Amino acid sequence: MHDVEIKDKNIKIENRLNNKEIYSSRKNLNIILQNLISNAVNYTNESGKILIGSKLNCIYIKNDGVILDDEEIQNSFNLFEKLENKNQEKLGTGLGLYIVKNILEDEGFEYKFKRQKNGMVFIIKIKK
């Protein structure tokens, strides 16, 4: 779905997903992953990398690029909050992480959105 942006920015996507059972509706899971991947593409630097994978009892999406501070991380879940990319352009509608947060909380999933050395990572703990 994001092939054009991925090619334009020369982003490498690495799939490290293992077979995991996730107890969620296919529709909700699709909405969650679509929004998280869209954000990762938008905020990844040119020639950057996005990792989508699973480890232990979590799935994660990591991206190189814009690193948010604590206030920006907290605000990113607010309705209509738009964050800026490295070119200081406001991206998206400000709905994505708000929707993701609400679906995850409604379905009882734990999640984290945090800084890493070269970017950000969104982690979802898989319910057993």
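Scroll up to find the structure.
Residues numbered from 1 in each chain as written. Predicted model: local features only at pLDDT ≥ 70, side-chain atom pairs only at ≥ 80, totals over all residues. Heavy atoms only, no water.

### Digging into the packing of aromatic side chains
Step number 1: Within the structure shown, the criterion is met by 5 aromatic pairs.
Step number 2: Arranged with centres 6.3 Å apart and planes meeting at 55°, the rings of Phe77 and Phe122 form a pair that is tilted. Of this pair, Phe77 sits in the loop between helix 3 (70-75) and helix 4 (96-106) while Phe122 sits in strand 5 (residues 119-125); the two residues are 45 residues apart in sequence, bridging distant segments of the chain. Of the two residues, Phe77 and Phe122, both sit in the buried class.
Step number 3: On the numbers, 5.8 Å between centres and 5° between planes, the contact of Tyr111 with Phe122 is stacked. Separated by 11 residues along the polypeptide, Tyr111 in strand 4 (residues 110-115) and Phe122 in strand 5 bring together distant segments of the chain.
Step number 4: Exposure remark for Phe122: the relative accessible area of 4% places this residue in the buried category.
Step number 5: The structure contains a cluster of three or more aromatic residues connected by ring pairs, namely Phe77, Tyr111, Phe113 and Phe122.
Step number 6: We note Lys62 situated over the ring of Tyr60; from NZ or CZ to the ring centre the distance is 5.1 Å. (Phe/Tyr/Trp six-rings, centres within 6.5 Å; stacked < 30°, edge-to-face > 60°. Helix = DSSP H or I, 4+ residues; strand = E, 2+ residues; numbered from the N terminus. Buried < 20%, exposed > 50% of the residue type's maximum accessible area, 1.4 Å probe, protein only. Lys NZ or Arg CZ within 6 Å of the ring centre and 35° of its normal.)

### Description of the sheet that holds strand 1 (residues 12-16)
Step number 1: Reading across the sheet, the 5 strands line up as 1-2-3-5-4 and stay open at both edges, with mixed pairing between neighbours. This sheet does not close on itself; its edge strands, each paired only once, are strand 1 and strand 4. Neighbouring strand axes in the sheet, compared pairwise and without regard to direction, differ in orientation by 10° on average.
Step number 2: Pairing geometry for strand 4 and strand 5, over 6 bridges, is antiparallel. Counterpart to Phe113 in the pairing with strand 5 is Phe122. (Pairing = 2+ DSSP bridges. Axes fitted to C-alpha atoms, helices over the stretch in contact; angles between N-to-C directions.)

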